[in-house]
Amino acid sequence: MRCPFCAHEDSQVKDSRPSEDGAAIRRRRQCEGCGARFTTFERVQLRDLTVVKKDGKRQPFDRRKLERSIELACRKRDILPERIDKLISGIQRQLETQGDDVAVDRIGEAVMAGLKALDHVAYIRFASVYKDFSEPQDFTEIAESVEAAPNDPKPDRLL
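Residues numbered from 1 in each chain as written. Predicted model: local features only at pLDDT ≥ 70, side-chain atom pairs only at ≥ 80, totals over all residues. Heavy atoms only, no water.

A. Representation of the environment of H120. One can find H120 in helix 4 (residues 120–130). In the structure, H120 is positioned 101 residues away from S19 in sequence and 26 Å away in space, judged by C-alpha atoms. (Helix = DSSP H or I, 4+ residues; strand = E, 2+ residues; numbered from the N terminus.)

So this is what it looks like as structure tokens:
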């Protein structure tokens, strides 16, 4: 593993353990060149996903993009990072079981379903961008749909 500080090619694993959600292995490493310590994560990847955009363009699935959009929706909300990571891992696993090509709409709908079960404010934030809200009425409609939805004591299976 290349050191992120000095770009030395070799590092030594000092500690390995499962992540909080059990979906990854967390490894603590030390660079053999500069001695700096850093953390890496090793995740299971069932297949290489390709995202099919609305205009037909195709690009490789990027977990970091999914993480950024969900974290932005959850910003300044009282949500444990472990729950957010579990949601992201659940969405990725769900997408990987559906085939090699995934429509961008399917990703958006999976995120909305997960956020709705996790936090209503984060759900509305994400929906406002995903559904491209342009009028205040759009917010009212989605807020009313959240209020009308029955409270499910069991969170969505993605959590």
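B. Spotlight on the sheet that holds strand 4 (residues 50–52). Spatial ordering of the open sheet is given by 5-4-6, a layout of 3 strands whose pairing is mixed. Each having just a single partner strand, strand 5 (58–60) and strand 6 (101–103) make up the two edges of the open sheet. Within this sheet the neighbouring strands show an average axis-to-axis angle of 35 degrees, counted without direction. Strand direction decides the pairing type here: strand 4 and strand 5, joined by 3 bridges, are antiparallel. Looking at strand 5, one finds that V52 is bridged to R58. Running at roughly 65 degrees to strand 6, helix 3 (residues 104–118) makes contact with strand 4 and strand 6 of the sheet. (Pairing = 2+ DSSP bridges. Axes fitted to C-alpha atoms, helices over the stretch in contact; angles between N-to-C directions. Contact = heavy atoms within 4.5 Å.)

C. Structural context of the nonpolar core. Ranked by size, the top nonpolar core spans 28 residues in total, and within it L66, I70, C74, I91, I107, V111 and L115 carry the most contacts. Mapped by element, the contributors of at least two residues to this core are helix 1 (63–73), helix 2 (81–96), helix 3, helix 4 and helix 5 (136–148). For this core, the element with the most residues is helix 3, which contributes 6 residues. Residues contacting L66, with those up to four places away along its chain left out, are F61, I88, I91, I107 and V111. (Core = buried A, V, L, I, M, F, W, Y, C linked by side-chain atoms within 4.5 Å. Buried < 20%, exposed > 50% of the residue type's maximum accessible area, 1.4 Å probe, protein only.)

D. Spatial organisation of the packing of helix 1 against helix 4. For the pair helix 1 and helix 4, the least separation of the axes is 8 Å and the interaxial angle reads 120 degrees. One way to sum up the angle between helix 1 and helix 4 is to call them oblique. Residue-level inspection shows S69, L72 and A73 of helix 1 in contact with helix 4, the latter providing A122, R125 and F126. (Parallel < 35°, antiparallel > 145°, perpendicular 65-115°, else oblique.)

E. Examining the layout of surface pockets more closely. Here the largest pocket is characterised by a volume of approximately 510 Å³. Taken together, 22 residues line the largest pocket, and the ones lying closest to its centre are K65, S69, I107, F126 and Y130. Mapped onto the lining of the largest pocket, the elements with two or more residues apiece are strand 5, helix 1, helix 3 and helix 4. Counting residues per element, the lining of the largest pocket draws most heavily on helix 1, at 6 residues. (1 Å grid on protein atoms, 1.4 Å probe; cavity = no way out; pocket = protein on both sides within 12 Å on 5 of 7 lines; lining within 4 Å. Points joined across faces, edges and corners; volume = space filled by probe spheres on them.)

F. Looking closely at the packing of aromatic side chains. Applying the stated criterion to the full structure yields 2 aromatic pairs. Measuring from ring centre to ring centre gives 5.8 Å for F126 and Y130, while their planes differ by 20 degrees; the resulting arrangement is stacked. Of this pair, F126 and Y130 both sit in helix 4, 4 residues apart, roughly one helical turn. For Y130, a relative accessible area of 22% corresponds to the partly exposed category. Aromatic side chains F133 and F139 sit 4.9 Å apart centroid to centroid with 90 degrees between the ring planes, which places their arrangement in the edge-to-face category. The buried category is assigned to F133, whose relative accessible area is 17%. For F139, a relative accessible area of 40% translates into the label partly exposed. (Phe/Tyr/Trp six-rings, centres within 6.5 Å; stacked < 30°, edge-to-face > 60°.)

G. The arrangement of the packing of helix 2 against helix 3 in detail. Axis separation between helix 2 and helix 3 bottoms out at 10 Å; the angle between their running directions is 145 degrees. Handedness of the helix 2/helix 3 crossing: right-handed. Contact residues: R83, L87, I91, Q94 and L95 in helix 2; R106, I107, A110, V111, G114, L115 and L118 in helix 3. Taken together, the residues of the contact of helix 2 with helix 3 break down into 8 nonpolar, 2 polar and 2 charged. (Left-handed = near helix turned anticlockwise from the far one by under 90°. Nonpolar A, V, L, I, M, F, W, Y, C, P; charged D, E, K, R; others polar.)

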